[in-house]
Every structure is written in C-alpha cells, then in structure tokens.
Amino acid sequence: MRLDEKNQIISLNIWMRLWWKDPRLRWNASDYGGVNQIILPFPNVWTPDITVFDSASETMMPGRRTYRPIVLNDGTVIYLYPTIISSICPINVLYFPMDTQECRIMFGSWSHSGIEIDFQPKIPTGDMDFYVRNNEWTVMSFPARRNVAYYKCCPEPFPDVTFYLKIRRKPLFYILSVLFPCMLTSSVAILAFLLPPESGEKVSLNVTILLSLAVFLLMVSDQLPASSDHFPYVGMYFACSMFLVSLSLVMTVFVLNMHFRTPDERMVPPWMKKVFLRFGRRFLLRQSENKIQPSRVRKTSNVRLQNIRKYSDDQNRNKTAVFNLSTMDLQEATQGSYISLNVTNEINEITQSEQFNICDESGPLGTSGNEWQEIAMVMDRMFLISFIIITLVTTMVFLGMMDNEEQS
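Residues numbered from 1 in each chain as written. Predicted model: local features only at pLDDT ≥ 70, side-chain atom pairs only at ≥ 80, totals over all residues. Heavy atoms only, no water.

Brief notes about the side chain of Thr100
Inspection of the secondary structure assignment puts Thr100 in strand S7 (residues 100–109). A distance of 3.4 Å separates polar atoms of two side chains, one belonging to Thr100 and the other to Arg168. (Helix = DSSP H or I, 4+ residues; strand = E, 2+ residues; numbered from the N terminus. Polar contact = N/O pair within 3.5 Å; in protein donor to acceptor, adjacent residues only side chain to side chain.)

As for the confidence of the model for the protein
It should be kept in mind that the predicted coordinates are not to be read in detail where pLDDT is low. Across the protein, the average pLDDT comes to 77, with 74% of residues at or above 70. Taken element by element, the protein is modelled with least confidence in helix H7 (residues 330–362), mean pLDDT 45, and with most confidence in strand S5 (residues 70–72), mean pLDDT 95. Between residues 287–301, whose pLDDT stays under 50, and residues either more than four places distant or in other chains, the model counts 17 contacts. Low pLDDT, under 50, characterises residues 353–369; the stretch is placed with 19 contacts to residues that sit more than four places away or in other chains. (pLDDT = per-residue confidence, 0-100. Contact = heavy atoms within 4.5 Å.)

Topic: the nonpolar core
Considering soluble globular proteins, one finds that nonpolar side chains tend to be buried as a cluster. Core analysis: the biggest nonpolar cluster contains 74 residues, and Leu3, Met16, Ile85, Phe107, Phe238, Met272 and Met379 have the highest contact counts within it. Of the residues forming this core, the biggest block, ten residues, is contributed by helix H8 (residues 364–402). Residue contacts for Phe238: discarding those within four places in its chain leaves Val178, Cys182, Phe216, Leu217 and Val220. (Core = buried A, V, L, I, M, F, W, Y, C linked by side-chain atoms within 4.5 Å. Buried < 20%, exposed > 50% of the residue type's maximum accessible area, 1.4 Å probe, protein only.)

Looking at the pairing of strand S6 (residues 74–88)
Two elements, strand S2 (residues 9–26) and S6, share 14 bridges in a ladder whose sense is antiparallel. Counted as the bridge partner of Met16 is Tyr81 from S6. In this structure, S5 lies alongside S6, joined through two bridges in antiparallel fashion. Following the sheet pairing, Ile70 is matched in S6 by Ile78. Counting the residues between successive antiparallel strands, the hairpin from S5 to S6 contains one residue. (Pairing = 2+ DSSP bridges.)

Considerations on a nonpolar patch on the surface
A contiguous nonpolar surface patch, about 300 Å² in accessible area, is contributed by Val203, Val207, Leu211 and Val253. In terms of residue count, the dominant contributor to the nonpolar patch is helix H3 (residues 202–223) (three residues). Along the polypeptide, Val207 turns up in helix H3. Taking the relative accessible area as the measure of exposure, Val207 reaches 34% and is therefore partly exposed. (Patch = residues over 30% accessible without salt bridge, like charges linked within 9 Å, V, L, I, M, F, W, Y side chains within 5 Å. Areas by Shrake-Rupley, 256 points an atom, 1.4 Å probe, with all protein chains shown as cover. Salt bridge = Lys/Arg side-chain N within 4 Å of Asp/Glu carboxyl O.)

Looking at the state of the cysteines
Enumeration according to the criterion identifies one disulfide in this entry. Two residues share a disulfide in this structure: Cys89 and Cys103, whose sulfurs sit 1.9 Å from each other. One quick way to see it: the torsion about the S-S bond of Cys89 and Cys103 is about -75°, and its sign makes the bridge left-handed. Of the two residues, Cys89 sits in the loop between S6 and S7 while Cys103 sits in strand S7, which places them 14 residues apart along the sequence. Cys103 matches Cys89 in its accessibility class, with the two residues each being buried. Just so you know, Cys240 is unpaired, no disulfide at all, and the nearest cysteine sulfur is the one on Cys182, 9.9 Å from it. (Disulfide = S-S within 2.5 Å.)

A look at the packing of helix H1 (residues 172–188) against H3
The geometry of H1 relative to H3 is characterised by a closest axis approach of 9 Å and an angle of 160° between their N-to-C directions. If you check the angle between H1 and H3, you find them roughly antiparallel. H1 and H3 meet at a crossing whose hand is left-handed. Here H1 contributes Tyr174, Ser177, Val178, Pro181, Cys182, Thr185, Ser186 and Val188 to the contact with H3, which in turn contributes Leu205, Ile209, Ser212, Leu213, Phe216, Val220 and Gln223. Looking at the contact of H1 with H3 residue by residue, the classes come out as ten nonpolar, five polar and no charged. (Axes fitted to C-alpha atoms, helices over the stretch in contact; angles between N-to-C directions. Parallel < 35°, antiparallel > 145°, perpendicular 65-115°, else oblique. Left-handed = near helix turned anticlockwise from the far one by under 90°. Nonpolar A, V, L, I, M, F, W, Y, C, P; charged D, E, K, R; others polar.)

Regarding the pattern of salt bridges
Summed over all chains, the structure comprises seven salt bridges. Among the salt bridges present, the one from Arg24 reaches Asp22, with a minimum N-O distance of 3.3 Å. On the accessibility criterion, Arg24 (66% relative accessible area) is exposed. Among the salt bridges present, the one from Arg146 reaches Asp118, with a minimum N-O distance of 2.8 Å. Remark: Asp118 occurs in the loop between S7 and strand S8 (137–141) and Arg146 occurs in strand S9 (residues 144–149); sequence separation between them is 28 residues. Look at Arg146 and you get partly exposed, because its relative accessible area is 32%. Accessibility expressed as a relative area gives 44% for Asp118, which makes it partly exposed. Among the charged side chains, a network of salt bridges with common partners joins Glu5, Asp99, Glu136 and Arg169.

Describing H3
For H3, with 22 residues, the first-to-last C-alpha span of 33 Å sits near the 32 Å given by 1.5 Å per residue. Listed in full, the buried residues belonging to H3 are Lys202, Asn206, Ile209, Leu213, Phe216, Leu217 and Val220. Burial along H3 is one-sided: seen end-on, the buried residues are contained in an arc of 100°. Facing away from the buried side of H3 by more than 90 degrees, the exposed set consists of Leu211, Leu218 and Asp222. (Expected span 1.5 Å × (residues − 1). Arc of directions from axis to C-beta.)

Examining unusual backbone geometry
In this model, Phe96 is joined to Pro97 through a cis peptide bond whose omega is 5°. Considering the arrangement of structural elements, one finds Pro97 in the loop between S6 and S7. In this structure, Gln8 takes a positive phi of about 60° despite not being glycine. Within the secondary structure, Gln8 sits in the loop between strand S1 (2–4) and S2. We note that Met61 has phi near 50°; this positive angle belongs to a residue other than glycine.

Okay, here's the thing in structure tokens:
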C-alpha cells in the first residue's frame, strides 16, 4: 500500500478472487473419469470486465490476462490473480500528522448492467490474512458494500462492490522530524528577550528563528496536496508561530528603541513613569540599575582624586626643596609655588565636580537618563512573560485540535 498524498492517489497490491457461474461449462464428472475441475487458458474462458471506476493507472489491473481460471463441473469459474490497482483517494489533511483517511475502491462492470451481471461481495470485509504491515499507515477497517447506481444514459441499474479502506497515519516520524523542531524553534525565541540590549544579537536571533519556521512550513507544504478546503492545523500552527516570532521581533525593536533613548531627545512621560516604573518595576524587576550608577561614578571620581593628590604631594616636596636653595634660585622656587597653588585649585574644582556629579546622578537628570533603560527592562520582562504564555496556550490548543482520535 502506498498513498501519494500530494496527488491524492492510493496504490494497492491486491489478490483478486472472482467467482461466477457459466452454464455453458457444465459437465458430468462421471462421464469423464471423475474429473470435476479443469484449468483453461484465459482466452478460452469468458471473464467479466471488472473495472476500477476511479482508476488513476494507465493500465487497468495489470496481469489480469496472464493467469488461468479454474472451471468446476457445475459451471463455477474461479479466477484468482494478483494485480496492482491505483485509485483516486481524496485526502483530508486537516489533522495531519494525526489524521485518518478513508479511500473508496469501487469495482464494477463497465459494459454490462445489473440485468446481465450482478455483483455481490463474497465476504463482508476484505481479506487481511496476508496483509503486509505498512511503515506509515495502520489499517483500521476494510469493509465491503454492494451499491446500485442509476445513470442518465441508461435506465438499467448498475451494481458495484465498493471497499472502504480506513487507515490511520503513524505520527511518530512527523512529530519528531517536523512538529517537535518547530516547537523547539519557537521556544528559542524566548531567549531573545533574555539577551541584554548591548549584545546586539536580539534582532538577528529573531530573524534567524523566523527563517527557520518558514523552512519548516515549506517542508510540510511540499508533502501535502494543494487544497484550500482543508488546510492542516500543523500549517496553521507554523503560521501562528511565525506570527508570534514576528511579533517578538517588533517587541524587541521597540525595547531597543527605549533602551538607547536619551533624555536629550525626549523626557519620560508621567504616565509611563507611573505604569512601568512604579507598578511594573515592582512586580517584574528585583533591583533597579539607578542604585548602582552613583557608586560607579563615585568610584571613578575617587581614583581621579587620588592621582591628583599624589601629584600635589610631589609638587609640595619640590617647593620645599626650592626654598632650601640659594637666593639665585628664588625665581624657580616662586614658579614651583605657583604650580602648587594651581594644583590645589584643581583639587577643589574636581571635588566640587565630584559632589555635583553624585548629586546629578541621584537627581532628576541622572534618573531621566536611566529611566528609559528601566522602562526598556520592564517592557522586556513583560513581553517575555506574555510571549511564554501565548506560546504555551497556542501549542496546547493546536495539539488538541490535531489529535482527532475521538472524532475518528
């Protein structure tokens, strides 16, 4: 058994078993030495023109004229032969890869009506005793049913025997090769919210994930028939995942815009301070970056002060040495004293500058510069939580929709 889903054709390797009565082939076995059956060549025996109505093969039932029928003395003809049939099978890929398909294989006479030949199934189901298991599909049922059809061309009835082959797909291969990688790729998009904005990889990661999902969608679309009536839920899931990743890309760009914004461009609106800094930071962030910034500035200023004080001490020692010199070096000593005074003035200026910087970092200007970054951090965490919730809900919903075991 092979099901070509893209072209919607099923191919079966079957054994045909036909029985019919031919009154012209009767004889008395006692008159012929007790011979009650004979095997005749195919051209010497009349056989019904059995046809697969929805055949998709160029050759109708190959091998049908190769084998020989068995004739019994009561006129019963038994014709057994193996053949390969290809029939049209409409595919419903809505629940792919957890889908169930039903293919109808209709046998009947193309030339004779029901008045001349009547078709009846010998057993109510197809014989599955010698069925070879398929790696992709599991046969659930194979019933046979007699139908009678009337056509506009002729008033006579035309009976047929239709076999309904119901098969269920084994989804493990597609779950591991298609569905699970898509779920894993969509989950990787969460890492984009955890990367720091300074890394410069937030946008590129989302773009890479978006391209990967597009490749998975093309792989699935290439295996399924082009149908607008039943678009598979797995394709909808891929499209939804691409939309969520695209949405996360927009969120990331928005966060980066907030992070690198300066107070010189625009001050933080009061409503954003209230929503993100007062409420959002309290629930989403444990510690604010503003508490760290003043200590960093103070540490840098202390290092500068130590270097300048060291330089001042060196100049004071030089000044003392100058005053111990002779009167001829008075002019040089005066210059050394002038240098020492200038250094002292510079120390005072730097000390005042340090105090101003510390006050500035803790005042409105410093917080304005860091408020945009804090808002960006709050938004990033908020988008992260929202993306995780939406991704989990979407995955569970589509998995539940694809599992149609109860509906089948």
